[in-house]
Amino acid sequence: MPSEKKISSASDCISFMQAGCELKKVRPNSRIYNRFFTLDTDLQALRWEPSKKDLEKAKLDISAIKEIRLGKNTETFRNNGLADQICEDCAFSILHGENYESLDLVANSADVANIWVSGLRYLVSRSKQPLDFMEGNQNTPRFMWLKTVFEAADVDGNGIMLEDTSVELIKQLNPTLKESKIRLKFKEIQKSKEKLTTRVTEEEFCEAFCELCTRPEVYFLLVQISKNKEYLDANDLMLFLEAEQGVTHITEDMCLDIIRRYELSEEGRQKGFLAIDGFTQYLLSPECDIFDPEQKKVAQDMTQPLSHYYINASHNTYLIEDQFRGPADINGYVRALKMGCRSIELDVSDGSDNEPILCNRNNVTTHLSFRSVIEVINKFAFIASEYPLILCLGNHCSLPQQKIMAQLMKKVFGDKLYTEAPLPSETYLPSPGKLKRMIIVKGKKLPSDPDVLEGEVTDEDEEAEMSRRLSVDYNGEQKQILLCRELSDLVSICKSVQYRDFELSMKSQNYWEMCSFSETEASRIANEYPEDFVNYNKRFLSRIYPSAMRIDSSNLNPQDFWNCGCQIVAMNFQTPGPMMDLHTGWFLQNGGCGYVLRPSIMRDEVSYFSANTKGIVPGVSPLALHIKIISGQNFPKPKGACAKGDVIDPYVCIEIHGIPADCSEQRTKTVQQNSDNPIFDETFEFQVNLPELAMIRFVVLDDDYIGDEFIGQYTIPFECLQPGYRHVPLRSFVGDIMEHVTLFVHIAITNRSGGGKAQKRSLSVRMGKKVREYTMLRNIGLKTIDDIFKIAVHPLREAIDMRENMQNAIVSIKELCGLPPIASLKQCLLTLSSRLITSDNTPSVSLVMKDNFPYLEPLGAIPDVQKKMLAAYDLMIQESRFLIEMADTVQEKIVQCQKAGMEFHEELHNLGAKEGLKGRKLNKATESFAWNITVLKGQGDLLKNAKNEAIENMKQIQLACLSCGLSKAPSSGAEAKSKRSLEAIEEKESGEENGKL
């Protein structure tokens, strides 16, 4: 069957519009009408029917159009009571006339909306030469390049070539295309021309290539950012990288370098433009990967105590199959260490010939010698990471073979073995940075008396211990085993001890001692004592291992225990699936070194955090994550769908994993029978309350599956997301990257007030203004301390008001510019400048620096529309200025209250006892104290960050105004003066900071 023709040029858009289609017309009174819209054949006007107006009035002249907006970005859409039922990506608006009236429309798909927006923008920008495109595609840079490619392959110079040669040529240019699809396209073209020969002409070759290799979604993006050209120049690319991709310090030379590396045509490389094919290659390149390149190297502070990090950990490392019958295999260690694992398990038993062995005690037929395992560990220990490796030793050997184990480890590991005795004067474990390239043994230890050469310790066999606990005749006594001094002395800072309860542990546990918890026990503790678990893990290491009931070696959900601060959550690396995806994705960050620093709220000595929090985390500003799933590329058929044909019906699920308040899942619609380039064009929004603990998992599934629905997935920590247009490299079920299989997405992250759905203004007016949320301090019940915290109430309100007022002012100016909340200020100023420059290309306002802040002043009488925009701009500058000037004073008040409160930290229990607080009341007072300190520290940090953001905004606004021509005197002297003004803001602020230091 002939495939549907793709949009690959402006003329395709124009042809579609001339044929016409049905669009929904949205009115300010919340009514929606179905109308049939067409573009006149002379390209001069847009018409719709049916209409109560006469034919000459039911039209809009192209010359009257001022602006075309994609999305629900006008007052009509924002005020419409049915706005929530309208898809953001299907909506668009045409602003026309001197008063910028809006014609608001909704297409039946995002693709159709994009065609109208691209076509109308092209017509408006080409209004002086409306018939340019009628010259056809033959003279575009792309066709000139394709002709060159064809001529180089046409060795006979006859202007025709064999179909086989043409197919091979297109495959060379686009290796992802299937041969059968290329041949089918040639047959379609030749059938449409009623040709009998299979020889391919130059024109047919170009037509087939454009049909097959143009991704419509990339074409629409190219037209949008190139100001309606069909290629990008260096300035277009620079603006795209700054405004959309969040790249800083970009220069024209850097953009020209990108063009030279990715543009396919020689002419484009020489003249400095990037056509559709080169732009597609660039978007697919590692430079546009969704993963932040800064996180591909060690980027976190590695000088914190070991207990402040999540540690990549493996369970039953010697297995490559299930734990019930699976054989021991040396490759289990090789795989885990290559994946950056920093905690591995060795279950050692007596072997023959005095040689300790590792084996699965459910399958003793296959075993590994202890010697060969530690030699492999020594070889691969620091290939993926130079940070410390923890060996969790499960010792089931007799005393003679324990001595052999100790001798072998000393001999093989040598100086890498960390055996330094912990210092009682310290209170925390050493840092990963201090322990680089060291191997740490975790296990049981004898008392320090050197005369004791052997002694009894509790059995380290966790699974056997669980079985005994579950058996009916278990009497509560722990099995004892003998331990020799030589093996005991290899254990230093990871001594295994039995967990009793948190109260006892916090009083008597040494920082170098650690507990192991079964999954079942850890889940119970996490549910019953979430705050205590977090506090315990600030000083001590916790290891969580899967339940003995998981005989199929399935995996627990590591997020449940990371939320409690548990560092070593042991995973069955041999079992792929969603839980292993989370684990692998989480440890991609920080250079894949196997150590990830926990959020400060889970590390600070005095802080409050509950793993079960259902709302806002104290002292942390929630963020809004906006994800647009645009399209997919080259989806394979699910591996297990053997009986199914090659056709799939894909859809995408987006999962957010983190604290309970952040966990969420949404899905796209299903695209029928398209695996090559399914277009989804759907936008989703998620509130993320604790970004440092959040992960995003993209999952592609088949809606019409037989046996298996899984196509691919990719899991990424929130902190590693790059904003803008990105390709997501999908992984297979077992975690391998699939070549050329990607999702094309747009990512934007805003704070909560800068994101979110547009408010229904008409309803909110009736309901009254939304009450601002303030994070409240808690009453402790000790008057002396409560009086100190009361002093902080007013500064806290001031801090929140300043931040919220600035963000609301920014959102208001974006709305007036017709931009969504996710737009950058650079995009905002570009749109603003287009409204403030007259038809003869002169600005109606001028940039004026007042006290080093960028104000815009009118150069004469201006229309009401412009006055409204300038008023919103002035408000944004005023709110930003107020925050910049007042932030230090308010922050100082907050910090002083925090310091004054902390002076009572050590005496809190004594003060409580004097006031008669005990038991639960004293615990509640301690918890409220930690809550208040957390709020004060967090709000102080948020205000400091808001000030830095405001300073950066002022710099960006000034630079954008200069580049847009909103300057009275755009001379080099004026620019130099403006740059000095930018520096003045920075110097003033840094001077104040240094003065405080």
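Overview of the structure.

How each quantity is defined
- Residues numbered from 1 in each chain as written.
- Predicted model: local features only at pLDDT ≥ 70, side-chain atom pairs only at ≥ 80, totals over all residues.
- Heavy atoms only, no water.
- Core = buried A, V, L, I, M, F, W, Y, C linked by side-chain atoms within 4.5 Å.
- Buried < 20%, exposed > 50% of the residue type's maximum accessible area, 1.4 Å probe, protein only.
- Helix = DSSP H or I, 4+ residues; strand = E, 2+ residues; numbered from the N terminus.
- Domains from an automatic or database assignment.
- Pairing = 2+ DSSP bridges.
- Axes fitted to C-alpha atoms, helices over the stretch in contact; angles between N-to-C directions.
- Contact = heavy atoms within 4.5 Å.
- Phe/Tyr/Trp six-rings, centres within 6.5 Å; stacked < 30°, edge-to-face > 60°.
- Lys NZ or Arg CZ within 6 Å of the ring centre and 35° of its normal.

**Structural notes on the nonpolar core**
Within soluble globular proteins, side chains that are nonpolar generally end up buried alongside one another.
Link 1 in the chain: Counting residues in hydrophobic clusters, the biggest one holds 81 residues, and the most contacted among them are Leu346, Ile377 and Met409.
Link 2 in the chain: The dominant element in this core, judged by the number of residues it contributes, is helix H15 (residues 399–413), at 8 residues.
Link 3 in the chain: Two domains each provide a minimum of three residues to this core, namely domain 3 (306–469 + 478–602) and domain 4 (623–750).
Link 4 in the chain: With 61 residues, the next largest nonpolar core counts Tyr855, Val890, Cys897 and Ile957 among its residues.

**Quick look at the sheet that holds strand S7 (residues 101–106)**
Pairing between the strands of a sheet is mediated by backbone hydrogen bonds and can be parallel or antiparallel.
Link 1 in the chain: Strand order in the open sheet made by the 7 strands is S4-S3-S2-S1-S7-S6-S5, with antiparallel pairing throughout. Bordering the open sheet on either side are strand S4 (59–61) and strand S5 (65–70), each of which pairs with just one other strand. Taking the axes of each pair of neighbouring strands and ignoring which way they run, one obtains an average angle of 30° across the sheet.
Link 2 in the chain: Pairing between strand S6 (residues 91–96) and S7: 6 bridges, direction antiparallel. Looking across to S7, one finds that serine 93 is bridged to aspartate 104.

**Focus on the environment of leucine 284**
Link 1 in the chain: Residue position: leucine 284 is located in helix H12 (residues 276–284).
Link 2 in the chain: Exposure remark for leucine 284: the relative accessible area of 40% places this residue in the partly exposed category.
Link 3 in the chain: For the pair leucine 284 and phenylalanine 744, spaced 460 residues apart in sequence, the C-alpha to C-alpha distance is 8.9 Å.
Link 4 in the chain: Setting aside its immediate chain neighbours within four residues, leucine 284 contacts Arg215, His727 and Thr742.

**A word on unusual backbone geometry**
Link 1 in the chain: Cis geometry is adopted by the peptide bond preceding proline 50, which originates at glutamate 49 and carries an omega value of -5°.
Link 2 in the chain: Assignment of secondary structure puts proline 50 in the loop between strand S3 (45–49) and S4.
Link 3 in the chain: Of note, the phi angle at tyrosine 100 is positive, near 55°, even though the residue is not glycine.
Link 4 in the chain: Counting through the fold element by element, tyrosine 100 comes out in the loop between S6 and S7.
Link 5 in the chain: The backbone of histidine 740 shows a phi angle near 65°, a positive value even though the residue is not glycine.
Link 6 in the chain: Take histidine 740: it is sitting in strand S32 (residues 737–751).

**Some remarks on the packing of aromatic side chains**
Link 1 in the chain: The tally for this structure, following the rule as stated, stands at 26 aromatic pairs.
Link 2 in the chain: Summarising the aromatic geometry, the rings of tyrosine 511 and tryptophan 512 are spaced 5.1 Å apart at their centres and angled 85° between planes, so their arrangement reads as edge-to-face.
Link 3 in the chain: Look at tyrosine 511 and you get buried, because its relative accessible area is 5%.
Link 4 in the chain: Its relative accessible area of 17% is what places tryptophan 512 among the buried residues.
Link 5 in the chain: Linked through ring pairs, Tyr499, Phe502, Phe517, Tyr529, Phe533, Tyr536 and Phe540 together constitute an aromatic cluster.
Link 6 in the chain: One cation-aromatic arrangement involves lysine 229 over tyrosine 231; the distance from NZ or CZ to the ring centre is 5.7 Å.
Link 7 in the chain: When the ring centre of tyrosine 855 is taken as reference, the NZ or CZ atom of lysine 850 above it lies at 5.2 Å.

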